[in-house]
Amino acid sequence: MKHFLLTVFLLSSATLLSAASVKGVVKDKVTGEELIGATIIWKEEPAKGTLTGLDGSFRLDLPSERGALVCSYLGYLTAEFPIEEAHPDLLILLQPLCHEISEVVVYAPTTGDTEIGVRNMEKLSPAVMNVVSAKAIEISPDITVANVIQRISGVTIERNSSGDGQYAVLRGMDKRYNYTLINGVKIPSPDNKNRFVPLDIFPSELLDRLEVTKSLTASMEGDAIGGAVNLVMKEAPQDRRITANLSTGYNALFLERDFYSFDVQAINKQSPYEIYGKTYPAKVRDFSEKSLRLKASNPSPNLLGGFSYGNRLINNRLGIMLAGSYQNSYRGSNSVYYGTSTATSDASNLPILIDKNDRTYSEQQTRYGLHAQLDYRFSLRHKLQWYNAYMDFTNTQVRDNHKIDLNIGYNPLQGAYNLSFDTRFRVNRQEIGNSTLKGAHSFASDALQMNWSAVYSKAFNETPDNTSVHTVTTVRNRMQNPISVVTLGGADRRWEHNTDEDWAGYFNLVYSVPLEKIKLDFSAGGLYRNKQRTNFFNQYDFRPYDETKQEGTRNNLLKGVDWNDYSEIKFTVFTPFGSVGNPLNYDASEEITATYGQLKMGISKLQFIAGLRLEKTDQGYHLKYPIDGVKNIGSQVYTDYLTDLHLKYTPWENNNIRLSYYQSLNRPSFFEIVPYRIINEDFTEMGNPELKHTVAHNLDVRYEYFPRPSEQIMLGLFYKKLKDPIEYGMITQGQGTFYMPANFGDADNYGMEIDITKYFYAFGVKANYTFTQSEITTTKLVNYDNPDAASSEKVLVKNVNQTRPLNGQAKQVLNLSLLYKDMKNGWDGQLAFSYTGDRLYAVSRYLDNDIWQGGYLQLDASLEKKFKKGLSLFLKATNLLDTPMILYLKKQNASNNAIEGYENYKNGTLVRRDYYGQNLQIGGRYRF
């Protein structure tokens, strides 16, 4: 045995000693960029070969010491390199291919769908920008834009009820402080009150790249204090490309519980008011019963698919890109939620838990995305592009809530409490459509550039027949009594829909002054947008009805006796005309007129940009149903002069030092300036027609280093000074105090960003960290002891000031992705960590009783295997740790510990804990 092992060792050693190897780097001969995935083969034995790694390097074991290497790469001339006895590190430079398209000479492009392309965009950008490529999106675990954007430095996300990202918070600035673009054009929001756009409506596979601009130039719209999110959609490629993908998956949540659903087709799209008119008293027969039939089952597997076709025709003059995406998935959450109040019987101001809610959410989410783009090159200097997009997101939800009253009748020692059940049947549909015609023209030997856009956009949102059914029972000695329908409010059915429609035009001119050592550009342009928004709201309230008794009497309909399913409950319409007088029935309009001028100058290693933008706003509202004592028609008109200054210094190759200053604004939302009043149980919420818009001064400093074309190291600092920021607080007017939007002095927001991307042959690391701190002072309520001991009122309430962070701001944000890419064998892998520290979730009316979201850690993974002839299989897994989303108060009340099953959180008061379950997706992709 020893002799055998010795023989094997000697033969292996001889083989290793006789083997030769070579290593090196492959680069573009023109740009010097490393080429990823270039093919290296041994000429004398073509089966012997390898591919360059993520850093452009390669290593190849050779069968002999003499011969030749052959290097090839798509879009480049194939090159041959002789190998002698000595094998030093090789530098292989490949010459790009070029070909003529009529008058145009086109080199193999560096586009935004590659990592090298987006790093180059960040390097050359006149402003502070971060970009995610289509390739990075494709191999990531994320399927919506909202989840993709959380990987960018300085960005956190607000999540919806199923745990998916929905809105972006940039640099600690709430979602109201940024805007969303499609191909550089602002799009309207389907939200019925606000301007911000939900990013979960967009399938990520339709994107060519995702851009987040953090400092504005004069050529950009000025209402982005946090930043601008630009969704650049797929463009026509230089040659024909056809791709298709199909996948399925499941949410682990429904391995342990049922999925609840109802008959969506049975709901009425319009309310009786809309069908029969405002004088018609609604009858029970006007409402569907079938839509209240609750069904419990195991959901079908998720189904996701996409297709894209791109080509250039007519001698490459006509470009075509058609793409579509379909996603049907079943999501949900298991949640415990504690209703809270603030003690008013003493001056402790401690939080009191008033009820415990065990909730389950079951959601069927269906997304459609369609994208079509045509462009025609008349010549080298003239091009037209017509872009159309349609996004549709339907969320069908059943929320089942079991509520224990912790105030009245609650005695955990005796197992006694009051228990109520609330089941909500809801379908929400959101649509965004955009059609843009663009032109790009060049005159005077390319010295004068002109581009223009004509835009029509429409956003639509509807929630028809949103129904809630309310039942109640009592538990005594841990024995539950029969369930009955709530007699004074057994059900309510609500119809809501709104439309936001934009017509806009953009025009830009750039004149380049021909100078030898100075690059000098003058830019000017303008914008006009007309927005029309309409909102409808109507709600009908119902009470249980026993047909054997007189109508209008109190009826106690018992489950198991009078009904078994919600559809069997007999109701009478308590509000036959609905509630069309609700202030959500309003129209809004807005006209934006803007002009700008900009100077761009480049001298040696320094680039200088200065600009001035003028924006005039005419924003108004009209209440459809007049309310006594308020102004039913109103408007705000104001003009802002916004300056910006950007310096970029390149001390060495691939190094940038940036300094940016710009002014920006934030307009009130459409509903905030409506003089509405909503009377709640313990306070009145009110609109504010006198609300001012916010103006901000923004400063950015960033150092950038690009060691290789696909790598980066960035370190940035930012500071924002907000004048008249819009926050909600308690405001005293006349004899009353109201919870309303208001301008609260000034606010400061500052922080630091670190962004690193580094590759080591087959491995890569992407990491970013953001620290953000902000301060704003707003009014709060506080209880205090009455100094008059003889008074019957022992506790009084007063307004005080509190300094706190801006709403939505997290101090710490960290993203870390570990990448693996074996190009020779076709493997791609990614392990992605995302951590968001504690952040202010909701602002309370009371001092130090704001609700905070606990730190959230998410782990996602993806794996892809490429096969020959364009086929690949992939696996995506998200929320692997199933980390709960937790809301809490920083104050603790010891009396809450007497509640059965209650747990404190971080020495504070737990308000909510949600679990979303792991998600798994497996599928295939084919490139024709």
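Computed from a predicted structure; not experimentally measured.

To continue, consider the overall build of the protein chain. Looking only at helices and strands, the protein chain has five helices and 52 strands in total. Scaling as 2.2 N^0.38, a compact globule of 928 residues should have a C-alpha radius of gyration of about 30 Å, and the protein chain matches this with 31 Å. C-alpha atoms of the protein chain, sized along the principal axes, occupy 100 × 80 × 60 Å. In the protein chain, buried positions account for 55% of the 928 residues. Sequence-distant contacts, at least 24 apart, represent 70% of the contacts inside the protein chain between residues at least 6 apart. Carbon and sulfur atoms form 57% of the exposed surface of the protein chain, whose accessible area is close to 40800 Å². Across the protein chain, 101 positive and 102 negative side-chain charges occur, with their mean positions spaced 2 Å apart.

This model, assessed by the stated rule, comprises 53 salt bridges. When the shortest N-O distance is used, the salt bridge between Glu80 and Lys43 registers 3.2 Å. Taken as a pair, Glu80 in strand 6 (residues 79-83) and Lys43 in the loop between strand 2 (39-42) and strand 3 (45-51) lie far apart in primary sequence, 37 residues in all. For Glu80, a relative accessible area of 45% translates into the label partly exposed. Judged by relative accessible area, which is 43%, Lys43 ranks as partly exposed.

Of the pairings in the sheet, the one linking strand 25 (residues 448-476) to strand 28 (residues 491-513) comprises 20 bridges and is antiparallel in character. By the bridge assignment for strand 28, Ser457 is matched with Asp502. As paired elements, strand 28 and strand 29 (residues 518-544) share 23 bridges and run antiparallel to each other. Considered in strand 29, the bridge of Val510 is made with Ser523.

It is worth spelling out the nonpolar core at this point. Looking at soluble globular proteins, one finds that nonpolar side chains tend to be buried together. Ranked by internal contacts, the top residues of the largest apolar core, which has 41 residues, are Tyr540 and Ile569. Here this core gets four residues from one element, more than from any other, and that element is strand 24 (residues 417-443).

Turning to its location among the elements, Asn655 is positioned in strand 34 (residues 655-666). Taking the C-alpha atoms as reference points, Asn655 and Phe706, separated by 51 residues in sequence, lie 6.5 Å from one another. When neighbours within four sequence positions are excluded, Asn655 is seen to be in contact with Tyr649, Thr650, Tyr703, Glu704 and Tyr705. A distance of 2.9 Å separates a polar atom in the side chain of Asn655 from the backbone oxygen of Glu653.

The subject of this paragraph is the sheet that holds strand 3. Here four strands make up an open sheet; going across it, the order is 3-2-5-6 and the pairing antiparallel. Across the chains shown, the open sheet's two edge strands, defined by having one partner strand only, are strand 3 and strand 6. Mean inter-strand twist for the sheet, computed between neighbouring axes without regard to direction, equals 25 degrees. In this sheet, strand 3 lies alongside strand 2 in antiparallel orientation, the contact comprising four bridges. What sits directly across from Ile41, in strand 3, is Gly49.

All right, on to a nonpolar patch on the surface then. A cluster of nonpolar side chains, Leu606, Tyr649, Ile657, Tyr703, Tyr705, Ile713, Leu715 and Ile756, forms an exposed patch at the surface whose accessible area comes to about 630 Å². Of all the secondary-structure elements, those providing two or more residues to the nonpolar patch are strand 37 (694-705) and strand 38 (712-723). Since its relative accessible area comes to 35%, Ile713 is described here as partly exposed.

The five strands lie next to each other as 10-15-16-13-14, forming an open sheet whose pairing is mixed. For this open sheet the edge positions go to strand 10 (129-133) and strand 14 (185-186), each flanked by a neighbour on one side alone. Looking at chain direction, strand 13 (residues 178-182) and strand 14 are connected through two bridges and run antiparallel. Opposite Ile182, over in strand 14, you have Val185 as the bridge partner. On the sheet, helix 2 (residues 115-124) packs against strand 10 and strand 15 (207-213) and is oriented at approximately 170 degrees with respect to strand 10.

Next up on the list: the environment of Leu910. Looking at the secondary structure, you find Leu910 in strand 51 (residues 909-915). Measuring from C-alpha to C-alpha, the distance between Leu910 and Phe262 comes to 32 Å, with 648 residues separating the pair along the chain. Leaving out residues up to four positions away in the same chain, Leu910 has contacts with Tyr338, Leu353, Ile886, Leu887, Tyr888, Tyr902, Glu903 and Tyr905.

Looking now at the packing of aromatic side chains. If you walk through the whole model with that rule in mind, you get 24 aromatic pairs. Summarising the aromatic geometry, the rings of Trp563 and Tyr566 are spaced 5.9 Å apart at their centres and angled 25 degrees between planes, so their arrangement reads as stacked. Grouping residues by exposure puts Trp563 and Tyr566 together as buried. A centroid spacing of 5.5 Å and a plane angle of 35 degrees characterise the contact between Tyr586 and Phe671, whose relative ring orientation is tilted. Of this pair, Tyr586 sits in strand 31 (residues 586-603) while Phe671 is found in the loop between strand 34 and strand 35 (677-679), placing the two residues 85 residues apart along the sequence. Classification of Tyr586 by relative accessible area gives buried; the value is 0%. One aromatic cluster in this structure is built from Phe287, Trp495, Tyr540, Phe542 and Phe571. For Lys890, the ring lying beneath its charged end belongs to Trp852, and the centroid distance is 3.8 Å.

Conventions adopted
Residues numbered from 1 in each chain as written. Predicted model: local features only at pLDDT ≥ 70, side-chain atom pairs only at ≥ 80, totals over all residues. Heavy atoms only, no water. Helix = DSSP H or I, 4+ residues; strand = E, 2+ residues; numbered from the N terminus. Rg over C-alpha atoms; globule rule 2.2 N^0.38 Å. Buried < 20%, exposed > 50% of the residue type's maximum accessible area, 1.4 Å probe, protein only. Contact = heavy atoms within 4.5 Å. Areas by Shrake-Rupley, 256 points an atom, 1.4 Å probe, with all protein chains shown as cover. Lys, Arg positive; Asp, Glu negative; His and termini not counted. Charge placed at Lys NZ, Arg CZ, Asp CG, Glu CD. Salt bridge = Lys/Arg side-chain N within 4 Å of Asp/Glu carboxyl O. Pairing = 2+ DSSP bridges. Core = buried A, V, L, I, M, F, W, Y, C linked by side-chain atoms within 4.5 Å. Polar contact = N/O pair within 3.5 Å; in protein donor to acceptor, adjacent residues only side chain to side chain. Axes fitted to C-alpha atoms, helices over the stretch in contact; angles between N-to-C directions. Patch = residues over 30% accessible without salt bridge, like charges linked within 9 Å, V, L, I, M, F, W, Y side chains within 5 Å. Phe/Tyr/Trp six-rings, centres within 6.5 Å; stacked < 30°, edge-to-face > 60°. Lys NZ or Arg CZ within 6 Å of the ring centre and 35° of its normal.

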